[in-house]
Amino acid sequence: LKTQVMSYSERITHCSHPLTRKLLSIMDKKKTNLCLSADLTSSQAILSIVDKVGGNVCMVKTHVDIVEDFSQDFVQKLVQLSEKHDFMIFEDRKFGDIGHTVQQQYKGGMYKIADWADIVTTHVVPGSGVVRGLKEVGLSRQRGCVLVAEMSSTGTLAKGDYSKAAVRIAHENKDFVIGFICQSNLTKDPDLIHMTPGVRLDVSGDALGQQYISPSSAIRDLHTDIIIVGRGILTADNPVAMAEQYQESGYHAYQELLT
Ligand code: 5BU
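Residues numbered from 1 in each chain as written. Predicted model: local features only at pLDDT ≥ 70, side-chain atom pairs only at ≥ 80, totals over all residues.

*Asks:* Explain the nonpolar core to me, please; I cannot follow it from the model alone.
*Replies:* When a protein is soluble and globular, its nonpolar side chains tend to lie buried together. Cys35, Leu36, Cys58, Phe180 and Ile227 are the most contacted members of the largest nonpolar core, which totals 69 residues. Top element by residues in this core is helix H10 (residues 239-258). It accounts for six residues. (Core = buried A, V, L, I, M, F, W, Y, C linked by C-beta atoms within 7 Å. Buried ≥ 20, exposed ≤ 12 C-beta atoms within 10 Å, placed from the backbone. Helix = DSSP H or I, 4+ residues; strand = E, 2+ residues; numbered from the N terminus.)

Okay, structure coming up:
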């Protein structure tokens, strides 16, 4: 049985958060629901792959704390690429402490994440104070955050009531929370974007508990909005051709849901 979903352009008219609207309009214009997880350890390698596949993605996700030669120059160049190719920057920081601490981790230290990342991830294990802390820093900068409601890894504890609590926290903080990292559809609220990692075409897992599903299965069966792909693209012989393939699979599955 097929479930009809709203097109990206139609959904924009039903949602209020400026970042959600911006993301959906990028997805509509560029015909992509692909987020590249740029998990490389050198600034130059990240900037190089992002410049090559920037046209194929709606977002680039970073783990800034794995970059060996991090500098503010690196993130400034990443921001320039985001303007050149029109994608959003998504730092997968997964905050997980009390509100007061995460505020400092978000705006300060050597990374100054709030200065350059449109979106950040946070765990909800501390309770809603973590979101309120991040919000005090991010709101005036027009930033948003995404809650880790479910994980792709074997034996994850983020399930059931925990995931339901994440949905509740999202609904209570819709001025700042724009969606979830998840493995299922958690709410029909058009404002909240579902983003799913653990997506790959050729293999079903890795040696450390990662579990993969295909792009079409993520979009069509789980009804997620965005597929997050790292190694599926980064370790391919031809990452650019592979990014195109992921873009096409994901977008094709979305189109199938529309018809
Ligand atoms: P991969 O190379 O496609 O397996 O990378 C997946 C990325 O998504 C990687 O950066 C993880 O840190 C991230 N991730 C994940 O894999 N699963 C999750 O549940 C969450 C994040 Br939350």
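*Asks:* Looking at this structure, I do not really get the pairing of strand S8 (residues 226-229). What am I missing?
*Replies:* Burial of S8 is two-sided: the residues Ile226 and Ile228 facing one way and the residues Ile227 and Val229 facing the other way are all buried. For strand S1 (residues 34-37) and S8, the ladder comprises three bridges, and the chain directions are parallel. Residue Leu34 lies in a different strand from S8, and its bridge partner there is Ile227. Inspection of the sheet shows strand S7 (residues 193-196) paired to S8 by two bridges, in the parallel sense. Counted as the bridge partner of Met195 is Ile226 from S8. Considered for its hand, the β-α-β crossover made up of S7, helix H8 (residues 215-221) and S8 is right-handed. (Pairing = 2+ DSSP bridges. Right-handed = clockwise from strand over helix to strand, strands pointing away.)

*Asks:* Help me understand the packing of helix H3 (residues 43-53) against helix H4 (residues 72-85) in this model?
*Replies:* In helix packing, the relevant descriptors are the interaxial angle and the interaxial distance, both defined with respect to the helix axes. Running from N to C, H3 and H4 point in directions that differ by 0 degrees, and their axes come no closer than 10 Å. With respect to H4, the element H3 is oriented roughly parallel. Side by side, H3 and H4 meet where Ser43, Leu47, Val50 and Asp51 of the first sit next to Phe74, Lys77, Leu78 and Leu81 of the second. Tallied by class, residues from the contact of H3 with H4 come to five nonpolar, one polar and two charged. (Axes fitted to C-alpha atoms, helices over the stretch in contact; angles between N-to-C directions. Parallel < 35°, antiparallel > 145°, perpendicular 65-115°, else oblique. Contact = placed C-beta atoms within 7 Å. Nonpolar A, V, L, I, M, F, W, Y, C, P; charged D, E, K, R; others polar.)

*Asks:* Explain the site of the ligand to me, please; I cannot follow it from the model alone.
*Replies:* Taken together, 18 residues sit near the ligand, with Met151, Ser152, Pro197, Gly230 and Arg231 positioned nearest. Residue composition of the shell around the ligand, by class: six nonpolar, eight polar and four charged. (Near = placed C-beta within 6 Å.)

*Asks:* Explain the environment of Gln72 here, please?
*Replies:* Mapped onto the fold, Gln72 is located in helix H4. Gln72 sits 58 residues away from Val130 along the chain, and the two C-alpha atoms are 25 Å apart.

*Asks:* Where do I start with the sheet that holds strand S6 (residues 177-181) in this structure?
*Replies:* Strand pairing in a sheet is mediated by backbone hydrogen bonds. Such pairs are either parallel or antiparallel. Strand order in this closed barrel of eight strands is S1-S2-S3-S4-S5-S6-S7-S8, and the pairing throughout is parallel. Sheet twist, expressed as the mean angle between neighbouring strand axes with direction ignored, is 30 degrees. With three bridges joining them, S1 and strand S2 (residues 59-62) adopt parallel strand pairing. The residue of S2 that forms the bridge with Cys35 is Met59.

*Asks:* What am I meant to see in helix H2 (residues 18-30) here?
*Replies:* Two residues of an α-helix separated by three or four positions point the same way, owing to the 3.6 residues in each turn. Relative to the 18 Å expected for 13 residues at 1.5 Å per residue, H2 spans 18 Å between its end C-alpha atoms, a close match to the ideal helical length. Buried residues of H2: Thr20, Leu23, Leu24 and Met27, and no others. Burial along H2 is one-sided: seen end-on, the buried residues are contained in an arc of 95 degrees. Away from its buried face, by an angle of more than 90 degrees, H2 presents the exposed residues Pro18 and Lys29. Summarising the contacts, the buried residues of H2 are in contact with helix H1 (8-12), strand S3 (88-95), S6 and S7. At the C-terminal side of H2, Lys31 shows a positive phi close to 55 degrees. (Expected span 1.5 Å × (residues − 1). Arc of directions from axis to C-beta.)

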